[in-house]
Amino acid sequence: IMKKQVTVLGWTGHGNIGDESYKLAFPLIFKDLDFTFTNVISNDCECVFLGGGNIMHPFFLSQLEKKDIPKYAMSVDINECPSMFKQVFTRNKCINSKNLITVPDFAFSLQPNIENGKIIIKRLFEESKSDLYNQVIIIVMNSYLYYGEGKLARDHVTFEKVCFDLSRIIDGTNASFLLLPFGNGFPHNDRLANSVLYSKCKFWKKNYVMFNQPHYQ
């Protein structure tokens with residue numbers, strides 16, 4: 001039996017952990033569907049899932065407006081509910097709409113591969129000659145906290161304070177810390193924010209900043 005073909009429109013292939021996770025989560029949740037993940041809809045597309053995350057962007061919505069096909073928004077952050085969607089599954093219900101269903105992020109359906117994770121972390125620390133403790137704590141410093149155009153002076157001070165407070169916790173905790181980027185595309189590159197935090201740590205040798213493109217598996 002042929003599975004129904006569904007196009008998933010989103011910010012895939014750009015090193016964003018959240019978007020990449022849907023490549024695994026969607027087939028796990030919707031076992032009777034066959035998915036194609038893309039940033040641009042093709043002409044032969046018959047059904048579209050828009051998702052997930054903060055994806056209600058004109059770049060994507062303008063593509064959907066031109067298509068007279070069934071459209072669903074999946075696992076999205078939302079401030080308004082466009083009428084083009086047959087159904088919207090949202091992570092943060094902040095409006096009322098008959099087409100809106102509040103559900104946890106679809107990526108929560110994924111199970112961690114603990115043993116593989118341990119192997120990857122051990123390799124990273126060995127390659128960088130960093131000290132790997134028995135306990136490993138992962139931190140993601142979101143780049144939206146970082147300096148940038150349009151930021152106020154108080155935002156810069158707040159970011160420095162966050163880094164200072166976290167560095168004190170890291171230095172005082174008997175554990176290694178992996179600073180992992182959630183997204184690594186400019187202008188919002190988490191590796192920048194992670195690096196600033198790393199630079200504040202006195203006992204930096206027990207920490208690791210991931211700069212290379214993560215492998216999603």
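Since this is a predicted model, take the numbers as computed values, not measurements.

**Examining the sheet that holds strand β8 (residues 176-179)**
Taking strand neighbours across the sheet as the criterion, the 3 strands line up as β7-β8-β9 in an open arrangement whose pairing is parallel. Two strands in the sheet have a free side with no partner beyond their single neighbour: β7 (136-139) and β9 (207-209). Across the sheet, the mean angle separating the axes of adjacent strands is 15° when strand polarity is ignored. The pairing of β8 with β9 spans 3 bridges and is parallel. The residue bridging Leu179 from the neighbouring strand is Val209, located in β9.

**A word on the sheet that holds strand β4 (residues 71-76)**
What the 6 strands build is an open sheet, ordered β2-β1-β3-β4-β5-β6; its pairing is parallel. A strand with exactly one partner marks an edge of an open sheet, and here the two such strands are β2 (33-38) and β6 (100-102). Neighbour to neighbour, the strand axes of the sheet diverge by 25° on average, direction disregarded. Sheet topology places strand β3 (residues 48-53) next to β4; 5 bridges connect them, and they run parallel. Bridge pairing in β4 links Gly53 to Val76. Packed onto the sheet, helix α2 (residues 58-65) meets β1 (4-9), β3 and β4 and runs at close to 165° relative to β3.

**Here's the deal with the packing of aromatic side chains**
Taken as a whole and judged by the stated rule, the model has 16 aromatic pairs. Summarising the aromatic geometry, the rings of Tyr22 and Phe26 are spaced 5.3 Å apart at their centres and angled 45° between planes, so their arrangement reads as tilted. Placement of the pair is Tyr22 and Phe26 together in helix α1 (residues 17-29), with a separation of 4 residues, close to one helical turn. Overall, the relative accessible area of 0% leaves Phe26 in the buried class.

**Observations concerning the pairing of β8**
Because side chains alternate across β8, one face comprises the buried residues Ser176 and Leu178, and the other comprises Phe177 and Leu179, equally buried. Direction of pairing for β7 relative to β8: parallel, over a ladder of 4 bridges. Bridging from a neighbouring strand, Ile138 pairs with Leu178 of β8. Taking the sense of rotation as the criterion, the β-α-β connection linking β7, helix α4 (residues 153-171) and β8 turns out right-handed.

About the cut-offs
Residues numbered from 1 in each chain as written. Predicted model: local features only at pLDDT ≥ 70, side-chain atom pairs only at ≥ 80, totals over all residues. Heavy atoms only, no water. Pairing = 2+ DSSP bridges. Helix = DSSP H or I, 4+ residues; strand = E, 2+ residues; numbered from the N terminus. Axes fitted to C-alpha atoms, helices over the stretch in contact; angles between N-to-C directions. Contact = heavy atoms within 4.5 Å. Phe/Tyr/Trp six-rings, centres within 6.5 Å; stacked < 30°, edge-to-face > 60°. Buried < 20%, exposed > 50% of the residue type's maximum accessible area, 1.4 Å probe, protein only. Right-handed = clockwise from strand over helix to strand, strands pointing away.

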